[in-house]
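Spelled out, the chains give:
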Amino acid sequence: MAAAPILELRGVSKSFGGLQVIDGLDLHVNENEIVSVIGPNGAGKTTLFNLITGVYAPDAGDILLDGESLVGLPPHQITRRGVARTFQTLRLFLNMTVKENVMAAAYGHTKAGVWQSMLRTPAARREERMIRELAEEKLRFFGQRLMGYRWDQPAYSLSYANRRRLEIARAMATNPRVLLLDEPAAGMNPKETHEITELIGQLRTEGGYTILVIEHDMHVVEGISDRVVALDHGVKIAEGSFEAVATDDRVVEAYLGTKAAATK
Amino acid sequence: MDFFVQQLVNGLTLGSVYALIALGYSMVYGILKLLNFAHGDVYMMGAFAGYGVLIALGGPYDLTLPVVAVIALMFLAAMLASGALGVVIERFAYRPLRNAPRIAPLISALGVAFFLQSSALLLFGADFRSYDTYEYVDLAQGIHVGPLNISVVRLLVIGTSFALMIALTLLVSRTRLGKAMRATAFDREAAAMQGIDVDRVIMATFFIGSVLAGAAGVMVGLVFYKVYFLMGFLAGLKGFTAAVVGGIGSIPGAMLGGLAIGFGEAFITGYVSSTFQDFFVFAILIVILLVRPSGLLGRADIQKV
Amino acid sequence: MDEHRKEPTPPQPPDTTREGGPRIGVDEWVARSGERITRRAGWTAPAAEAFERVPPWARLALVVALAACVPFVSDSEYVVRVAVNTVLFGLLALGLNVVVGYAGLLDLGYVAFYGFGAYAYAILSSNQFDLHWPTELTIPVVVVASALLGLLLGLPSRRLLGDYLAIVTLFFAQIFVVLTTNADRINVPFVDGPVDFTGGPNGIAGVDPMSFFGIELSRVEHYLWFSLVVFTVVIVGLHLLNESRTGRAWRALREDPLAAELMSMPVNRLKLLAFMFGAAVAGLTGTIFASVQLGVFPQNFDLPLLITLYAMVILGGAGSLPGVVLGAAVITISLELLRDPGNARLLFYGAIVLGLLAFMRPWTKLAVVAAGTVVFGFVAYFVVDAVHPAWTAGSIDGGGLGGLLDGWVIHPESSVRLGNGAFVLLVAAVIALSQLKGRWRLALTIPTLYLAAVVWENRLVFEPSVTRILLLGALLIMLMNARPQGLMGTSRVEIV
């Protein structure tokens, strides 16, 4: 376990105007680990994802993937290096079909240029087939739900839970090493939540991904996490196993207020 | 030296006019995130409305009322006509598209702009109409101190412009409507939930912006005499540039941007050539958008991901 | 340990193995039910369905073949020229479709690339600088140069949001016009006297016709066939591109640029690529235009052209290749018809009748409106004739239809002032109509239709160049309100 972490944040800070959203954050994720990030709303969790994926640049600190800095790279390059994400508020390509959504994300690791595409060279056709098979493979991961006739339906025709699954499939199509899942179980009923929990585990074992999850639903966090990191006001207040973090005074205080901690 | 001061005066005059047009763009963009292409043509219609009043009152050769009254009526008519036109445009072409994809109101605005332009061509013809201000105003009057020569008309324009801008600033910062406008610009949904009648606020914004544009139209007529159906297009582009330079969505920004563009254009016309004034303004737009897209006084738009 | 603390238990999924319980896959039948029920309504249905059964390449071949036969069907050179114009507009619409329909970028400076291509060809193949390059060389050079120009314009624009991009590109189009009109007296270093680059307001005349490997395109028909070949190549190429990784990336960019960027698509580079493609197609079309017209002038590439082009793309449906071509055809032909008062009349009244047929249902309502308008017209004419005979003294020429209208539409001798007044009234009436509902709306429709006829006969029919812009502007507004996806686009879902 002495291998260097695959994803590492060192002293990362970010402020917007006068508001310090992330403050001197150190975080690391080891290969094939599932780490959950928890914290009350406004703790800076989605900003954390935005910093890692390059949507914002940190004011200070460094973000390393496999030891190489990601800071300053445009987001599409960070994705190509191996970091993919889903969105808290779902950002699918609604008017494209289910399959096209996933195929589109394969752009970064394919190279058929404009001329090859227009002339339908053998290399281009081979690559197109590969992309299609890749998309089908990723969609198959979700069982029957995103299979068959669904492939050619526009994404806006999917139910909410299926949209969330599609977004994960799309992220998988970029062939990442690290998956950042932003509240994957938000808005799901208990059955769907259970499925997502199992799915995240499968992503690690069958897919081989390293996963960083933002989640509010403690059932999910408990069910999946190797390690939990708790944030509040942009600062790490606890880290460790689920039991350790869930019972940590500062965490309880952040979620429930000081009195609750006192009555424990 | 004389020449320099003259360009300064020109710049101030032009700048006040651009500022008024820029304000309309900025306000509408701040509230609706919409670029109202038709704004320039509202300005054009205001200029024609003023001209219509001038003719109706016997001008430019034989005024039936004292000059001051005529000019006041011209302003009034232009401002009211433009304001009404702005409100109608909003109601008809933009309101139904409030929740449509972003490109829809832009295309609609484009359609309105061309419709207005061609309506003006149809109704008023292609000829230039002239305010011929020198016929009823003694342009020799004014301030003539050393190298400084400002005719009374330019003084009027600059003065009225600043008065209007001050009035607007007071409106936005001191009145309930102003507060409602600021709130709606900040977050339309939240404002609606606070009990603000968003439709009314938007209508008021269009009205005010168009009123200012109408005033600008009469001013241009008085100072430069010529009004014609195409005048809205270029003025609109430059007014928009001024709004962007100052920071779109910001009222003081629009004023500052207007003055900046006005001064710049005056000096380029005076010292280089008038053919290149359009290039100059275009170049400024590109530079600002590249270097400081939020403009001189604007805030960077924070997009929540 | 606190007895109030419960052990958290994971939620249990409901049992799906019971008989009669929900089964995965069952909803497929339900989901597919929409496919079975969809059948087009209306009298155009059998035609539309037959059309859809023909495979796309056959449809293209059919349309191109029909177009190529025009010179054999008609002796008039004018008709063939209109056909060439239609194809050229179709090409422009295809190029604009890449920028607006695929990548979702509002490029209002598009006509500048068209003009650039035309002027570049003109400069390289005319007496302007006494250059007469061979066409086989000129065309590729101009196309590449246009693409580079697109790159140049795209570079500062790539970080711009849609609205800003629109204004910047619009400004660029204006700059282009100013440049071409004034570039006849440019002082170039090391050269004596001012250089005339573009011929100024008079443009460049005497442009060489195209010739390939010795065969010169000397007659209009040749240009028709040549442009049809180019058109076919471009539309096939664009279709193939759309179905590829680049096309998917463009569409993703149009949907959600941020999500696209985060899904490994280099959004800025893709925008530039779209710009360059659009510019290249426009430049290519420009070369054909310059050589078929044998000259170029600044007013060929002004703003009215831009709005015409946008109307074509929007009417057809941005994003749909066959759609924009259809839009180009419909609008080009309509605009040609507008030139001649007799044809224009047919077009105008025909469009009104079509519009009523399409939007007024049930037919009882339609009958009421139609009859009401006719009656209203006669009554109005009669009343005005009695009260103010000077107002009906004029006459409407134009044979058949004109004669019919003569006793129906109010028409004084000098009709300008009446026409203008009626125009203002008409605009007010239409705006009022949009705010009314139910019986009031129905009632107001009748005088509005009559007013439209009055305005048409008294003013618009005599001013085709103004009328076309008026109608195009109105068309854009109406399209956005009623059918933003145009004729053949698919209605889109947007995140607001």
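Fair warning: this is a prediction, and the values are worked out from it, not measured in the lab.

1. Some thoughts on the domain arrangement of chain C
Interface size is commonly expressed as the accessible area that is lost once the parts come together.
All names here are of chain C.
Consideration 1: Segmenting chain C into domains produces domain 1 (48-339) and domain 2 (346-482).
Consideration 2: A straight line from the C-alpha centre of domain 1 to that of domain 2 covers 36 Å.
Consideration 3: Facing twelve residues of domain 1, the contacting portion of domain 2 comprises ten residues.
Consideration 4: Where the side of domain 1 that touches domain 2 is concerned, the elements lending two or more residues are helix 13 (303-316) and helix 14 (321-339).
Consideration 5: At seven residues, helix 13 tops the list of elements feeding residues into the side of domain 1 that touches domain 2.

2. Structural notes on the sheet that holds strand 2 (residues 19-29) of chain A
Residues and elements named next belong to chain A.
Consideration 1: Ordered in space as 2-1-4-5, the four strands form an open sheet in which the pairing is antiparallel. Strand pairing shows two members of the sheet lacking a second neighbour, strand 2 and strand 5 (68-69), which therefore form its edges.
Consideration 2: Pairing of strand 1 (residues 7-16) with strand 4 (residues 60-65), which is carried by five bridges, proceeds in the antiparallel orientation. When the sheet's bridge partners are listed, R10 is paired in strand 4 with D62.
Consideration 3: Contacts from helix 1 (residues 45-52) reach strand 1, strand 2 and strand 4 within the one sheet, and its direction differs from that of strand 2 by about 65°.

3. Digging into the environment of V152(B)
All names here are of chain B.
Consideration 1: With respect to the secondary-structure elements, V152 resides in helix 5 (residues 152-174).
Consideration 2: Look at V152 and you get partly exposed, because 15 C-beta atoms sit within 10 Å.
Consideration 3: For the pair V152 and M27, spaced 125 residues apart in sequence, the C-alpha to C-alpha distance is 30 Å.
Consideration 4: Setting aside its immediate chain neighbours within four residues, V152 contacts V137, Q141 and G142.

4. Points about the nonpolar core
Consideration 1: Ranked by internal contacts, the top residues of the largest apolar core, which has 310 residues, are A215(B), A93(C) and A274(C).
Consideration 2: Contacts of A215(B), omitting those with residues within four sequence positions, involve L20(B), F75(B), A78(B), M79(B), T160(B) and L164(B).

5. Examining the packing of helix 14 of chain C against helix 15 (residues 341-359) of chain C
Residue and element names in this part refer to chain C.
Consideration 1: Across the interface, helix 14 lies against helix 15 with an axial gap of 5 Å and an inter-helix angle of 130°. Accordingly, the angle class assigned to the pair helix 14 and helix 15 is oblique. Contacts between helix 14 and helix 15 involve S334, L337 and L338 on the former and, on the latter, N343, A344 and L347.
Consideration 2: Of the residues assigned to the contact of helix 14 with helix 15, the class counts are four nonpolar, two polar and no charged.

Conventions adopted
- Each chain has its residues counted from 1, following the order in which its sequence is written.
- Here the convention is simple: chains get letters from A, ligands get numbers from 1, in the order in which they are written.
- Residues qualify for local features only when their pLDDT is at least 70, as the model is predicted, and side-chain atom pairs are given and counted only at 80 or more; totals for whole chains, interfaces and linings, by contrast, use all residues.
- For each domain, the first and last residues come from an automatic or database assignment.
- Throughout, a pair of residues is in contact if the C-beta atoms placed from their backbones lie within 7 Å.
- Think of it this way: any DSSP run of H or I at least four residues long counts as a helix, any run of E at least two long counts as a strand, and we number them from the N terminus.
- Strands were regarded as paired on the criterion that DSSP finds at least two bridges between them.
- The angle between two axes is taken between their N-to-C directions and runs from 0 to 180 degrees, where each axis is a line fitted to C-alpha atoms and a helix contributes only its stretch in contact.
- Any residue whose C-beta has 12 or fewer other C-beta atoms within 10 Å is treated as exposed, any with 20 or more as buried, and any in between as partly exposed, C-beta atoms being built from the backbone.
- What makes a nonpolar core is a set of buried Ala, Val, Leu, Ile, Met, Phe, Trp, Tyr and Cys residues, with links drawn between C-beta atoms within 7 Å.
- Working definition: roughly parallel below 35 degrees, roughly antiparallel above 145 degrees, roughly perpendicular at 65 to 115 degrees, and oblique for all remaining angles.
- Charged residues are taken to be Asp, Glu, Lys and Arg, nonpolar residues to be Ala, Val, Leu, Ile, Met, Phe, Trp, Tyr, Cys and Pro, and polar residues to be all remaining types, Gly included.

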